[in-house]
Amino acid sequence: PYVEDVLSRLVGGTTRIGSLRLGWDREARDFVVLASQITARTDQRTSPLRLGQVDLTLDAPSLLIGKAVVKQASLAGVEAVLVVDREGRTAFGFGAAEEVLALPLIKGAEGGLARILKATRQALATAGHAGRVAQVVLREARLQLIDPDSGQRLVLERARAGLFRNDAGIVTLQASGQ
């Protein structure tokens, strides 16, 4: 319950975890957290975000002094939706397409995708929350791009996307799907 309570405060709602295990990667000398059947519901959402599995690699020296520094993250079973209308307004969210379509469409830097990209850039900056993360990978994801004006949808099933940081600190994006 402690981990769920902390995550609930972070998301501003409630979080439930079906299974949570902590392990040791002997070769990398890091702690590994394996969580499955994760459900998070923020106060602003009508239905929860669901993740099948989350694997985190935590920097052992940092954890031993009370700081949780994520080095690698892998998330499986994510469903993400980007809505873009003909005026360039966007909404972005995780979960069912109907929920994201119900969100307000916003144009410019405050729009859904722009806001997510800005937050990602800030988090991945060296001084950001994820400044030491070497990679974040989405596996077995379902990604949708929706044009609400025409009703057209582009759906990527079993998509894989990742952000990877090299030794020089440069972050690249790789993606694939069907």
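Just so we're clear, the structure is a prediction, and the values are computed from it rather than from any experiment. (Residues numbered from 1 in each chain as written. Predicted model: local features only at pLDDT ≥ 70, side-chain atom pairs only at ≥ 80, totals over all residues. Heavy atoms only, no water.)

**Details of the overall build of the protein**
Convention followed: Every helix listed is a DSSP run of H or I at least four residues long, and every strand listed is a run of E at least two residues long, numbered separately from the N terminus. Atoms counted for the radius of gyration: C-alpha only. Globule rule: 2.2 Å times residue count to the power 0.38. Summary of the burial criterion: residues with accessible area below 20% of their type's maximum are buried, those above 50% are exposed, and those between are partly exposed, where the area comes from a 1.4 Å probe applied to protein chains only. Residues are treated as being in contact if the distance between any of their heavy atoms lies within 4.5 Å.
The secondary structure content of the protein amounts to four helices and nine strands. Sequence-ordered secondary structure for the protein, helices as α and strands as β, is α-β-β-β-α-β-β-β-α-α-β-β-β. For 178 residues, the compact-globule formula gives about 16 Å, and the C-alpha radius of gyration of the protein, at 17 Å, lands near that figure. Dimensions of the protein, computed from C-alpha atoms along their principal axes, come out at roughly 55 × 40 × 30 Å. Considering the protein as a whole, with its 178 residues, one finds that 30% of them fall into the buried category. In the protein, of all internal contacts separated by at least 6 residues, the share reaching a separation of at least 24 is 38%.

**A look at a nonpolar patch on the surface**
Here is the rule: Residues qualify for a patch when their relative accessible area is over 30% and they have no salt bridge, like charges being joined within 9 Å and the nonpolar side chains of Val, Leu, Ile, Met, Phe, Trp and Tyr within 5 Å. Under the convention used here, a 1.4 Å probe and the Shrake-Rupley method define accessible areas, while residue burial counts only the protein chains that appear. Here, a salt bridge means any Lys or Arg side-chain nitrogen found within 4 Å of an Asp or Glu carboxyl oxygen.
Where nonpolar side chains cluster on the molecular surface, the patch consists of Y2, V3, L7, L10, V11 and L20 and spans about 570 Å² of accessible area. Broken down by element, the residue count for the nonpolar patch peaks at five residues, all from helix α1 (residues 2-11). Here L20 is to be found in strand β1 (residues 13-25). The class of L20 is partly exposed, set by a relative accessible area of 41%.

**A look at the pairing of strand β8 (residues 153-165)**
Applied cut-off: Pairs of strands are assigned from DSSP output, requiring at least two bridges between the strands.
Of the pairings in the sheet, the one linking strand β7 (residues 135-146) to β8 comprises nine bridges and is antiparallel in character. Its bridge partner lying in β8, V137 is registered against G162. Once β7 ends, the chain turns through six residues before running back antiparallel as β8, passing G151 with a positive phi of about 80 degrees. Sheet topology note: the β8/strand β9 (residues 171-176) ladder contains six bridges and is antiparallel. When the sheet's bridge partners are listed, A161 is paired in β9 with A175. Following β8, the chain reverses through five residues before pairing antiparallel with β9; G169 in that reversal takes a positive phi of roughly 90 degrees.

**Remarks on the packing of aromatic side chains**
Test applied: Within 6.5 Å between ring centres, the rings of Phe, Tyr and Trp (the latter by its six-membered ring) count as paired, and their orientation is classed by plane angle as stacked under 30 degrees, edge-to-face over 60, tilted in between.
Following the criterion strictly, the structure yields one aromatic pair and no others. With a centroid separation of 5.1 Å and an interplanar angle of 70 degrees, the aromatic rings of W24 and F31 are classed as edge-to-face. According to the relative accessible area criterion, F31 is buried, its value standing at 18%.

**Looking at unusual backbone geometry**
Despite not being glycine, Q37 shows a phi value in the positive range, around 55 degrees. Following the sequence through the fold, Q37 ends up in strand β2 (residues 30-42). A relative accessible area of 55% places Q37 in the exposed class. Even without a glycine there, the phi angle at R158 is positive, about 50 degrees. The topology assignment puts R158 in strand β8.

**Let's talk about the confidence of the model for the protein**
As a general rule, the predicted coordinates of low-pLDDT regions are not to be interpreted in detail. Cut-off, in case you're wondering: Confidence of the predictor at the level of single residues is given by pLDDT, which spans 0 to 100.
For the protein, per-residue confidence averages 83 on the pLDDT scale, and 92% of positions sit at 70 or higher. Across the protein, element-level confidence peaks in β1 with a mean pLDDT of 92 and bottoms out in helix α4 (residues 112-124) with 71.

**Focus on the nonpolar core**
Formally: To form a nonpolar core, buried Ala, Val, Leu, Ile, Met, Phe, Trp, Tyr and Cys residues must be joined to one another through side-chain atoms within 4.5 Å.
Formed by I17, A35, I38, L51, V54, V78, A141 and A159, the largest nonpolar core amounts to eight residues. Of all the secondary structure elements, the ones that give two or more residues to this core are β2 and β3 (49-58). Judged by nonpolar contacts, the second largest core, of six residues, contains V81, V83, A97 and V100.

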